[in-house]
Amino acid sequence: CTPLSKLDSLVVSTRYGKAYLGLKQYQKAAEVLQRGLDIYPVKKGEEGFMEDHYKLLAKAYKHINEIEKSNFYFEKYVYTIDEFTKIQDSVASNFKQKEIDTFKNELNVIESEKNKQKNNVIYIALSATVIILMLLVFLLNFYQSKKKNDLRFQELLSKLERTHENTTSQVVDTKDQVLEETATSDVSE
């Protein structure tokens, strides 16, 4: 089947050229490979992907004794190896840069989580300190009021003891004689 695009024709010509070289039909291989280049003009950025095509073309021209064309395509082959290496290096550096960026993002996330946890610990410690201080103030207040109450209680006890001593020495008869005489337990019918 015929190639669908110009790039497809280049790929097909590379495959046919490889087959003709394997069959040692060098003239036919050179024609097919050259036709593929004529159909698809290779751009500067695509040179790095033409390694196989240029190598096959250099071999084909070498076998049919066209040394100048063979040298020209062999030099292009060497150039494509350098270009392909540059492409690989740029791809590798891009992947490394993405990995570095991803790693930095993860570090930032971890650092922010660490800061949040640190802040939470600080807040918890401050809250606990405030609560403990409040409890200490409450206990201090409680002990002070207890001390005051104990003093008041002691004062009341001493007053009571003093009044008790005074009352035992002077017993006053508080019974009302008149009231007792008039008071009866009889209830009228």
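Residues numbered from 1 in each chain as written. Predicted model: local features only at pLDDT ≥ 70, side-chain atom pairs only at ≥ 80, totals over all residues. Heavy atoms only, no water.

Caption draft 1: How the structure looks around the overall build of the protein. Regarding its fold elements, the protein presents 5 helices and 0 strands. Helices (α) and strands (β) of the protein occur, in sequence order from the N terminus, as α-α-α-α-α. When burial is assessed residue by residue, the protein has 16% of its 189 residues classed as buried. Taking all contacts inside the protein whose residues are at least 6 apart in sequence as the whole, residues at least 24 apart take part in 56%. Of the accessible surface of the protein, which amounts to about 16000 Å², a share of 59% is contributed by carbon and sulfur atoms. (Helix = DSSP H or I, 4+ residues; strand = E, 2+ residues; numbered from the N terminus. Buried < 20%, exposed > 50% of the residue type's maximum accessible area, 1.4 Å probe, protein only. Contact = heavy atoms within 4.5 Å. Areas by Shrake-Rupley, 256 points an atom, 1.4 Å probe, with all protein chains shown as cover.)

Caption draft 2: Quick peek at the pattern of salt bridges. Scanning the model with the defined rule gives 2 salt bridges in all. When the shortest N-O distance is used, the salt bridge between Glu66 and Lys69 registers 3.7 Å. Residue Glu83 is joined to Lys86 by a salt bridge in which the shortest nitrogen-to-oxygen separation is 3.6 Å. Placement of both Glu83 and Lys86 in helix α4 (residues 67-169) is noted, with a separation of 3 residues, approximately one turn of the helix. Taking the relative accessible area as the measure of exposure, Glu83 reaches 15% and is therefore buried. (Salt bridge = Lys/Arg side-chain N within 4 Å of Asp/Glu carboxyl O.)

Caption draft 3: How the structure looks around helix α3 (residues 51-63). Here α3 spans 19 Å end to end across 13 residues, near enough to the 18 Å set by a 1.5 Å rise per residue. Looking at the residues trailing α3, positive phi occurs at Asn65, about 65°. (Expected span 1.5 Å × (residues − 1).)

Caption draft 4: Up close: the packing of helix α1 (residues 6-22) against helix α2 (residues 26-39). Orientation of α1 relative to α2, taken along the N-to-C sense of each, is 170°, at an axis distance of 8 Å. Comparing their axes, α2 and α1 come out roughly antiparallel. Taken together, the residues of α2 that come into contact with α1 (itself represented by Lys6, Ser9, Leu10, Ser13, Thr14, Tyr16, Gly17, Tyr20 and Leu21) are Tyr26, Lys28, Ala29, Val32, Leu33, Gly36, Leu37 and Ile39. Along the lines of polarity and charge, the residues of the contact of α1 with α2 split into 10 nonpolar, 5 polar and 2 charged. (Axes fitted to C-alpha atoms, helices over the stretch in contact; angles between N-to-C directions. Parallel < 35°, antiparallel > 145°, perpendicular 65-115°, else oblique. Nonpolar A, V, L, I, M, F, W, Y, C, P; charged D, E, K, R; others polar.)

Caption draft 5: Fine view of the environment of Tyr40. Here Tyr40 lies in the loop between α2 and α3. The exposure class assigned to Tyr40 is buried, which follows from its relative accessible area of 13%. Expressed as a C-alpha distance, the spacing of Tyr40 and Lys6, which sit 34 residues apart in the sequence, is 5.3 Å. Ignoring any residue separated from it by four or fewer positions in sequence, one finds Tyr40 in contact with Lys6, Leu7, Leu10 and Glu46.

Caption draft 6: Molecular detail of the side chain of Thr14. Position of Thr14 relative to the elements: it lies in helix α1. When residues no more than four places from it in sequence are discounted, the contact partners of Thr14 are Leu33, His53 and Leu56.

Caption draft 7: The arrangement of the packing of α1 against α3 in detail. Closest axis-to-axis distance for the α1/α3 pair is 10 Å, and the angle between their directions is 40°. Looking at the two axes, α1 sits oblique to α3. Judged by the sense of rotation from one axis to the other, the crossing of α1 with α3 is left-handed. The segment α1 lies against α3, with Leu10, Ser13, Thr14, Lys18 and Leu21 engaging His53, Leu56, Lys59 and Ala60. When the residues that make up the contact of α1 with α3 are grouped by side-chain class, the tally is 4 nonpolar, 3 polar and 2 charged. (Left-handed = near helix turned anticlockwise from the far one by under 90°.)

Caption draft 8: Fine view of a positive patch on the surface. A cluster of like positive charges, contributed by Arg15, Lys18, Lys55, Lys59 and Lys62, occupies part of the molecular surface. At the level of secondary structure, the elements contributing two or more residues to the positive patch comprise α1 and α3. Of all the elements, α3 adds the most residues to the positive patch, at 3 residues. In this fold, Lys62 is placed in helix α3. Assessed through its relative accessible area of 48%, Lys62 is described here as partly exposed. (Patch = residues over 30% accessible without salt bridge, like charges linked within 9 Å, V, L, I, M, F, W, Y side chains within 5 Å. Lys, Arg positive; Asp, Glu negative; His and termini not counted. Charge placed at Lys NZ, Arg CZ, Asp CG, Glu CD.)

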